[in-house]
Amino acid sequence: MNIYVKDGVEIKTIFLVDQNKKTAGLMLRYLLNQAANLAIEIRASCLFGTVSAKKPEVLKVMLKLGFQIATTFQGKYLENTDEYLIYHPRPYDLLMPNLEN
């Protein structure tokens, strides 16, 4: 396992059905808040997941939220398509204030 994600919580899939609504960003933050709460509860080192190079807008948003690229896999899931292993080393930073859990 990559040293950056050792003992982390993996985010398998975040899929927003209606991505064009103004609420999409808020919903993403809410989902990440839930994952961050779990990570903190179990004392995980980070949150991590992969983002396809075919989704540069997703990678951009995740990087803005404080995720970092740990490594790039070439052709791991799709031939001729890079996948970025991203991680957030500080789950506390993803918590939304005044949000009941």
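Residues numbered from 1 in each chain as written. Predicted model: local features only at pLDDT ≥ 70, side-chain atom pairs only at ≥ 80, totals over all residues. Heavy atoms only, no water.

A. Quick look at the overall build of the protein. Looking only at helices and strands, one finds 2 helices and 4 strands in the protein. Listing the helices and strands of the protein from first to last along the sequence gives β-α-β-α-β-β. By residue count, 33% of the 101 residues in the protein fall in the buried class. Restricting to contacts in the protein with at least 6 residues of sequence separation, those with at least 24 account for 65%. Total accessible area computed for the protein in this model is approximately 7200 Å², and 53% of it derives from carbon and sulfur atoms. (Helix = DSSP H or I, 4+ residues; strand = E, 2+ residues; numbered from the N terminus. Buried < 20%, exposed > 50% of the residue type's maximum accessible area, 1.4 Å probe, protein only. Contact = heavy atoms within 4.5 Å. Areas by Shrake-Rupley, 256 points an atom, 1.4 Å probe, with all protein chains shown as cover.)

B. Representation of a nonpolar patch on the surface within the structure. Together, Ile14, Met27, Tyr30 and Leu31 give the surface a local cluster of nonpolar side chains, amounting to about 310 Å² of exposed area. Structurally, the position occupied by leucine 31 is in helix α1 (residues 24-41). (Patch = residues over 30% accessible without salt bridge, like charges linked within 9 Å, V, L, I, M, F, W, Y side chains within 5 Å. Salt bridge = Lys/Arg side-chain N within 4 Å of Asp/Glu carboxyl O.)

C. Fine view of the pattern of salt bridges. In the structure shown here, the tally under the stated rule is 3 salt bridges. Here lysine 6 ties to aspartate 7 by a salt bridge, and the two come within 3.7 Å at their closest N and O atoms. Residue classification places aspartate 7 among the exposed residues on the basis of a relative accessible area of 54%. Residues arginine 90 and aspartate 93 are paired through a salt bridge, measuring 2.6 Å at the closest nitrogen-oxygen approach. Exposure remark for arginine 90: the relative accessible area of 41% places this residue in the partly exposed category. Take aspartate 93: its relative accessible area is 45%, and that puts it in the partly exposed class.

D. Up close: the sheet that holds strand β2 (residues 47-52). Strand order in the open sheet formed by 4 strands is β1-β2-β4-β3, with mixed pairing between adjacent strands. At either margin of the open sheet sits one strand with a lone partner, and together these are β1 (9-10) and β3 (68-74). Both β1 and β2 contribute to a ladder of 2 bridges, which runs parallel. Paired with valine 9 across the bridge in β2 is leucine 47. Along the sheet, α1 makes contact with β1 and β2, crossing β2 at roughly 140°. (Pairing = 2+ DSSP bridges. Axes fitted to C-alpha atoms, helices over the stretch in contact; angles between N-to-C directions.)

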